[in-house]
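Structural features, examined
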Amino acid sequence: MNGTIRVGNLFGIPFYIHPSWFLVLGLVTWSYSSGLAAQFPQLSAGLALLLGLMTALMLFASVVAHELGHSFVAIRQGIDVKSITLFIFGGLASLEKESKTPGEAFWVAIAGPLVSFLLCGIVTVIGVTTTASGPLAAILGVLASVNLALALFNLIPGLPLDGGNILKAIVWKVTGNPYKGVTFASRVGQIFGWVAILSGIVPLVLFGSAGNFWNLLVGFFLLQNAGNSAQFARVQEKLTGLTAEDAVTHDSPIVSGNLSLREFADERVISGQNWHRFLVTDDDGQLVGAIAVDNLRNVPTALWSETQVKEVMRPITESTTVQSDQPLLEVIQLLEEQKLSVLPVIRENGVLVGILEKAAIIQLLQSRTQPNPA
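Residues numbered from 1 in each chain as written. Predicted model: local features only at pLDDT ≥ 70, side-chain atom pairs only at ≥ 80, totals over all residues. Heavy atoms only, no water.

1. A few points about the packing of aromatic side chains
Tallying each qualifying case throughout the model produces 6 aromatic pairs. Measuring from ring centre to ring centre gives 6.1 Å for Phe87 and Phe221, while their planes differ by 45°; the resulting arrangement is tilted. With Phe87 in strand S3 (residues 81–87) and Phe221 in helix H7 (residues 213–239), this pair connects stretches of sequence that are 134 residues apart. Here the aromatic rings of Phe106 and Trp107 are separated by 5.3 Å at their centres, their planes lie at 80°, and the arrangement is edge-to-face. Classification of Phe106 as partly exposed rests on a relative accessible area of 25%. Through pairs of rings, three or more aromatic residues link up here, namely Trp21, Phe22 and Phe60. (Phe/Tyr/Trp six-rings, centres within 6.5 Å; stacked < 30°, edge-to-face > 60°. Helix = DSSP H or I, 4+ residues; strand = E, 2+ residues; numbered from the N terminus. Buried < 20%, exposed > 50% of the residue type's maximum accessible area, 1.4 Å probe, protein only.)

This is the structure we're talking about:
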């Protein structure tokens, strides 16, 4: 997963760490251990470092808890959580699909900040009721403040932050169009991204101060991801309502299983068709298998006239086909997940419609985005 390291499962959810996380862990550990050593001179250097590491790990545990909040609500809605990843900007729960309704999307989005608010409250109560003092009180104060900051930061109303997903759900509810929600929340996210970038550049240019350098990184992160979300939403909206059959390639490579290999070679291969693999149908037009041009080499040329295609073909399982009325967006997701470039399209009765290629989907999308002539 893009260089990430899998470290195990959390409640059955694959858990990954991006290598950049270790750099952040080291910086956070050093920062808090230095702060504790300065605040409590009686601490030895080793103990201060250990407490700094414990604090850093608890902070990242808070980020994981935040993402688990999103994940558990999604699972309750029947949405599979593919992974949770820790990276330089925090955490990310990767969901299998979007919620079905704006209300469900709202609860998935707000679950993370609610968990962070809850942790802030719990840690604060522990600090008050136990009258903690010294380094322990300092660590509890850091945990409470960081969880509060985590919740408030994620509530900024712009994608890809939780607040952006909340805004998306609200706009979706008002307009009835989920893609308008994504587009609007993405634009707000881009605005906040530019604000963050400017807040980092202005002090650097005017005063030579790099104190807000982190704002630059966060700004670029918001800008890039918000832009990607908006672009993806536009693509989804263009493909809404289309099915797999709408993207079937014209003159798909289909042959009858009753053809002899000689007829197959003359009519399909030698005739100049550029396909290297053909789908095979029976007398009823149902998909029964596939044959590749290279399969002809397994049969002596002298036997081509008396050998039928169905004797050489390889069977195709249902798992490698899609229904003709299946939404095209689902088909695209299937192509990406299984890293495929072509899928056979069949009707409910098994009759073959043709093949669906990634290239055909791109052409279909381009044709729908071109302006109509006046």
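2. Quick notes on a nonpolar patch on the surface
Judged by side-chain polarity, Leu198, Ile201, Val202, Leu204, Val205, Leu206 and Phe207 come together as a nonpolar surface patch covering roughly 710 Å² of accessible area. With respect to the helices, strands and loops of the structure, Leu206 is situated in helix H6 (residues 178–207). (Patch = residues over 30% accessible without salt bridge, like charges linked within 9 Å, V, L, I, M, F, W, Y side chains within 5 Å. Areas by Shrake-Rupley, 256 points an atom, 1.4 Å probe, with all protein chains shown as cover. Salt bridge = Lys/Arg side-chain N within 4 Å of Asp/Glu carboxyl O.)

3. What about the pattern of salt bridges?
Counted under the stated rule, the structure contains 4 salt bridges. Of the charged contacts, one joins Glu98 and Lys168 as a salt bridge, the two residues approaching to 3.0 Å between their closest N and O atoms. With Glu98 in the loop between strand S4 (90–95) and helix H3 (102–129) and Lys168 in helix H5 (residues 162–175), the pair connects residues that are 70 residues apart, well separated along the chain. Under the relative-accessibility criterion, Glu98 is labelled exposed at 54%. Among the salt bridges present, the one from Arg347 reaches Glu245, with a minimum N-O distance of 2.9 Å. Of the two residues, Arg347 is situated in the loop between strand S9 (342–346) and strand S10 (352–357) and Glu245 in the loop between H7 and strand S5 (254–256); the sequence distance between them amounts to 102 residues. When its relative accessible area of 34% is taken as the criterion, Arg347 is described as partly exposed.

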